[in-house]
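Here are the chains, one letter per residue:
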Amino acid sequence: YVRAISLSDGKDRMLILSADLLVFPQPIADQFIKRISKKTQIPRQAILLATTHTHSGTGAIGHGFLFEQVFGRYNSEIVEGLAGRLEWAALQAVENSKPIHWATAKNGTLLVDLLENRAVPGAPIDPALGVFLLEQEGEVRAVLVHMAAHPTLMEAQDFRISADFPGEISPGQL
């Protein structure tokens with residue numbers, strides 16, 4: 001899944017794109033940002049490309065030994081499909097920009113019982129949950145969430161593609 005929001009103060013515009021992937025390999029990220037900048041006329045420095053860091057996203061998007069060990073053999077069709085989805089989402093976000101209302105919140109205790117330190121059981125965790133909510137015409141249009149947790153809900157042997165919990169908290173799921 002790919003999501004995009006475009007924000008403008010009437011003078012400058014920025015674009016935030018998020019994909020349900022573990023990472024964007026740097027050369028691929030640079031290629032995508034350059035392509036999106038050209039299509040949208042938004043400067044490269046005003047485009048933020050992020051991932052939900054799901055461990056259940058698609059693979060085959062990186063070159064080299066390490067990426068192929070983690071993601072599987074590079075597949076240009078998958079990369080091109082992802083590029084097309086990112087471009088489409090970026091263009092939709094820019095073309096459908098309207099005035100919004102926004103709010104932020106941070107809760108430092110909400111997730112205490114849901115998180116654990118995977119590296120050192122019982123060690124400290126960061127239970128803070130930060131939320132940036134965008135509302136348009138009385139409808140939630142986007143929710144940006146920041147939390148220090150791996151979105152790994154599926155077992156290691158389960159190879160289905162999933163957005164894990166970031167997909168479940170998307171506006172379409174609220």
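In the block above lies the structure referred to throughout.
As the structure is a prediction and not an experimental result, all values here were calculated from the model. (Residues numbered from 1 in each chain as written. Predicted model: local features only at pLDDT ≥ 70, side-chain atom pairs only at ≥ 80, totals over all residues. Heavy atoms only, no water.)

Draft legend 1. Broad picture of the overall build of the protein chain. When you go through the protein chain residue by residue, the secondary structure sums to four helices and six strands. Along the protein chain, helices (α) and strands (β) appear in the sequence β-β-α-β-α-α-β-β-β-α when read from the amino end. Split into buried and exposed, the 174 residues of the protein chain put 31% on the buried side. Contacts in the protein chain between residues at least 24 apart in sequence constitute 60% of all its contacts with a sequence separation of at least 6. Surface accessibility of the protein chain: about 11,300 Å² in total, with carbon and sulfur atoms responsible for 54%. (Helix = DSSP H or I, 4+ residues; strand = E, 2+ residues; numbered from the N terminus. Buried < 20%, exposed > 50% of the residue type's maximum accessible area, 1.4 Å probe, protein only. Contact = heavy atoms within 4.5 Å. Areas by Shrake-Rupley, 256 points an atom, 1.4 Å probe, with all protein chains shown as cover.)

Draft legend 2. Focus on the nonpolar core. Counting 22 residues, the largest nonpolar core has Leu15, Leu17, Phe24, Phe32, Leu49 and Leu86 as the members making the most contacts within it. Contributions of two or more residues to this core are made by strand E2 (13-19), helix H1 (26-40), strand E3 (47-51) and helix H3 (76-95). Counting residues per element, this core draws most heavily on H3, which supplies seven residues. Not counting residues within four places of it along the chain, the set of residues in contact with leucine 49 comprises Leu17, Phe24, Ala29, Phe32, Ile33 and Leu86. (Core = buried A, V, L, I, M, F, W, Y, C linked by side-chain atoms within 4.5 Å.)

Draft legend 3. Highlighting the pattern of salt bridges. Overall, the coordinates contain six salt bridges when judged by the stated rule. In this structure, glutamate 87 engages arginine 35 in a salt bridge whose closest nitrogen and oxygen atoms are separated by 2.1 Å. Taken together, the residues span a long stretch of sequence, with glutamate 87 in helix H3 and arginine 35 in helix H1 at a distance of 52 residues. When its relative accessible area of 26% is taken as the criterion, arginine 35 is described as partly exposed. Taking the shortest distance from any N to any O, the salt bridge between glutamate 139 and arginine 141 comes out at 3.8 Å. The exposure class assigned to glutamate 139 is partly exposed, which follows from its relative accessible area of 46%. A single network of salt bridges, built from pairs that share partners, joins Arg35, Lys39, Glu80 and Glu87. (Salt bridge = Lys/Arg side-chain N within 4 Å of Asp/Glu carboxyl O.)

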